[in-house]
Amino acid sequence: MEKTSKISFVLIYVWLGAFSAITYLELFLGASKNFDINKYWAHNIMICFLINILIFNLVKKKLTLIVISAAAFIWSTISHFVLQLHGSALCASLFKNFKTAVTVIDNYNLTIDLRVLLIALIFIINLAVVILFPKKHIETYSEGKLYMLPKLLFLAFFVAYACLSYKIANNNMSWAPFFIIEQRGYCSYLITDSIYCVNHFSKPDGYNVKLVPVNVEGFDDNVSDTNPDIIVILNEAFSDITKYSDVQTDKDPLDELNSIENLNMGYCLVPNAGGGTNTSEYELLTSNSTALLSVGAPFNYINFEKHNDSVVSYLEKNNYSTYAFHCFSKENYNRKIAYPAMGFDHVYLGPDQYEYHNKNGNRDWLDEDNYKDIIRVYNETSDNPKFMYLLTYQNHGGYEQNPPEMDTIHSLGEYEVSNDIIDEYESSLALSAHAFKELTDYFSAVERPVIICMVGDHTFSYSTQLGQENVSAQEKDINDRTVPYLVWSNYQIDTKMFTDYSSMIDLIPSVLYSAGIELDDYYKQILDLHENMPGRSTVGQYVGTDGNINDIWEHPEIEDKWNKYLYAEYHRLTNK
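Computed from a predicted structure; not experimentally measured.

Caption draft 1: Summary view of the nonpolar core. Counting residues in hydrophobic clusters, the biggest one holds 71 residues, and the most contacted among them are Ile-230, Phe-387 and Tyr-389. If you tally residues by element for this core, the top one is helix H20 (residues 556-574), at eight residues. Of all hydrophobic cores here, the second largest spans 46 residues; its members include Tyr-348, Tyr-371, Leu-429 and Met-454.

Caption draft 2: Looking closely at the sheet that holds strand E13 (residues 549-551). Reading across from one edge, E11-E12-E13 is the order of the three strands in this open sheet, with antiparallel pairing throughout. Taken across any chain shown, the strands that pair with only one partner, and hence form the sheet edges, are strand E11 (535-536) and E13.

Caption draft 3: Examining the environment of His-326 more closely. Note that His-326 resides in strand E4 (residues 321-326). In the structure, His-326 is positioned 23 residues away from Leu-349 in sequence and 5.1 Å away in space, judged by C-alpha atoms. Contact partners of His-326, with chain neighbours within four places excluded, come to Arg-335, Tyr-348, Leu-349, Gly-350, Tyr-354, Leu-391 and Thr-392.

Caption draft 4: Looking closely at the pairing of strand E5 (residues 346-349). Direction of pairing for E4 relative to E5: parallel, over a ladder of four bridges. Bridging from a neighbouring strand, Tyr-323 pairs with His-346 of E5. The parallel pair E4 and E5, bridged by helix H14 (residues 335-342), forms a crossover whose chirality is right-handed.

Caption draft 5: How the structure looks around the pattern of salt bridges. Scanning the model with the defined rule gives 15 salt bridges in all. Notably, a salt bridge pairs Glu-368 with Lys-372, separated by 3.7 Å at the nearest N-O pair. Residue Glu-368 and its partner Lys-372 are located together in helix H15 (residues 367-380), separated by four residues, close to a single helical turn. Accessibility expressed as a relative area gives 28% for Glu-368, which makes it partly exposed. You can call Lys-372 partly exposed: its relative accessible area is 34%. Within the structure, one salt-bridge network assembled from shared partners comprises Glu-355, Asp-373, Arg-376 and Glu-380.

Caption draft 6: Here's a closer look at the environment of Lys-524. Of note, Lys-524 is situated in helix H19 (residues 521-532). The class for Lys-524 is buried, based on a relative accessible area of 8%. Along the chain, Lys-524 and Val-216 lie 308 residues apart, while their C-alpha atoms are 6.5 Å from each other. For Lys-524, the residues in contact, after removing those within four places along its chain, are Val-216, Gly-218, Phe-219, Asp-220 and Leu-519. Polar side-chain contacts of Lys-524 include one of 3.5 Å to the backbone oxygen of Val-216.

Caption draft 7: The arrangement of the side chain of Ser-510 in detail. Position of Ser-510 relative to the elements: it lies in helix H18 (residues 504-514). Judged by relative accessible area, which is 1%, Ser-510 ranks as buried.

Caption draft 8: Expanded view of the confidence of the model for the protein chain. Model confidence for the protein chain is summarised by a mean pLDDT of 87, while 88% of its residues fall at 70 or above. Counting interchain partners and residues more than four positions distant, the pLDDT-below-50 stretch residues 173-177 has 26 contacts.

Caption draft 9: Spotlight on the sheet that holds strand E6 (residues 386-391). Spatially, E5-E4-E6-E1-E8-E9-E3-E10 is the arrangement adopted by the eight strands of the open sheet, whose pairing is mixed. Sheet topology places E5 and strand E10 (501-503) at the edges, where each strand pairs with a single neighbour. When the angles between neighbouring strand axes are averaged without regard to direction, this sheet yields 20°. Note that strand E3 (residues 263-269) and E10 share three bridges and pair parallel. Counterpart to Tyr-267 in the pairing with E10 is Tyr-501. Sheet strands touched by H15: strand E1 (229-235), E4, E5, E6 and strand E8 (450-456). Its angle to E6, the strand with the most contacts, is close to 160°.

Caption draft 10: Highlighting helix H16 (residues 419-443). Over its 25 residues, H16 runs 36 Å from end to end, which matches the ideal 36 Å to within 8%, given 1.5 Å per residue. Within H16, 18 of the 25 residues are buried, leaving the element largely enclosed by the surrounding structure.

Caption draft 11: Spotlight on the packing of helix H11 (residues 277-286) against H18. At their nearest, the axes of H11 and H18 sit 7 Å apart, and the two run at 30° to each other. Classified by the interaxial angle, the pair formed by H11 and H18 is roughly parallel. Considering only the axes of H11 and H18, their crossing is right-handed. Residues Ser-280, Glu-283 and Leu-284 of H11 pack against Met-504, Ile-505, Leu-507 and Ile-508 of H18. Looking at the contact of H11 with H18 residue by residue, the class counts come to five nonpolar, one polar and one charged.

About the thresholds
- Residues numbered from 1 in each chain as written.
- Predicted model: local features only at pLDDT ≥ 70, side-chain atom pairs only at ≥ 80, totals over all residues.
- Heavy atoms only, no water.
- Core = buried A, V, L, I, M, F, W, Y, C linked by side-chain atoms within 4.5 Å.
- Buried < 20%, exposed > 50% of the residue type's maximum accessible area, 1.4 Å probe, protein only.
- Helix = DSSP H or I, 4+ residues; strand = E, 2+ residues; numbered from the N terminus.
- Pairing = 2+ DSSP bridges.
- Contact = heavy atoms within 4.5 Å.
- Right-handed = clockwise from strand over helix to strand, strands pointing away.
- Salt bridge = Lys/Arg side-chain N within 4 Å of Asp/Glu carboxyl O.
- Polar contact = N/O pair within 3.5 Å; in protein donor to acceptor, adjacent residues only side chain to side chain.
- pLDDT = per-residue confidence, 0-100.
- Axes fitted to C-alpha atoms, helices over the stretch in contact; angles between N-to-C directions.
- Expected span 1.5 Å × (residues − 1).
- Parallel < 35°, antiparallel > 145°, perpendicular 65-115°, else oblique.
- Left-handed = near helix turned anticlockwise from the far one by under 90°.
- Nonpolar A, V, L, I, M, F, W, Y, C, P; charged D, E, K, R; others polar.

What follows is the structure in structure tokens.
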């Protein structure tokens, strides 16, 4: 009997080990577009193994593993679609954005592809592993009173490994956690994300408050008392498809921009590829890099009443009236709480706040209509200098809402994404270019000085699926995070900060400099960074003044400047 018990004990743990390895494979397939096996796979399988052992020892039934396997299949399948549409795998922080996901998903046509079929196949194999395991070994294991010492040792090991897993995950928060999946594995990422739900800000390596720059010199040469009205537009999915793909079209959808006088155009690096509106919004308004944050949805969990440093509070100290506009649901990304907490005096959220609402076929909320409402509010309000911020909706996916005959731009050739999707997206961009020209035409006749800045929040949601020949993987990754930015004014301004490349956190300080508004140390430090490394990603690369891509840590002087900026940001966020 004792020999049988020993055999059952060993077989149970081998069985659970095989089940855990298959379960992790199933989860990973839904969480990553690539399939690279590295040394951290064993670590992630061990996490699954320990959790499964713990649960199984509490219940000791096959049904437990069947439920776990089914849950893993459902999770992995949902994660696959979230990854395709949102650009990141399913995780705890995204559940805070559940309402947004539900409203957005209706606009997409989800298709069962090979990856989903593979996930289903792995699920079936895992079910077979569970069902075919002899029941007698489970009964023997359940009845056995031996091996209490091994079970106690396992419990101690479980606690120790949980602490190790926390340390590994917590050390991953220096840059962008979404990249942890391929580097350290999906289970490690889920732990990291859960930590981030509690700990929003990661202390940069080597931080000491004494290293935070103070009394930053320069950038005082343009200060004036002009106090222009400033309009900042974060345009949904506004991008230049030729920047990150080989797509060619019969007409340039952005061509109308070339006819606008006094327009400065360049490219801006955003935090994420093909998605991540709220991270771009956070960087734009706060000038804080998401390198120290979870790249999920900052508005969902940051208390802006406590962490209130932003362009909104800064301009209010300069006697500006501040306005925020977004025509879609006020529930999305918790904006109904975040905008007022950031200090906006007037908030226009949700469809009932807008007088103009037309459609482009089935595509909702035209940029042109949003601009009409901005103009309406602009003319109805006081003569104080104004800061007006608008997040648009027009170019949001999906891109199969209109019949092909409505498209005004047509792609030439065949690509990794269907021509119908590309054509509808590009046709929508042409409407954005036309609407922006009409907006500048209107404000060119306004007597007060006005500066308008527009930038895309991220690239086309299919950008990472589109190929680009003769481009390295590093260049493609940067290009997939690159969108146009536009700065226009109805009077002469200093444009030296509007370089070929910029970063999202640089745009507001650059606009404030051109507006002649005095800058604090934090904004000055960003502009100092901008002069040396204008286009920066949150994962350690930057586009230099020569247009070449470099790694930050390969150049000690550049790395030192970047680290000092991170120290300043951390101090700004935590006051530590």
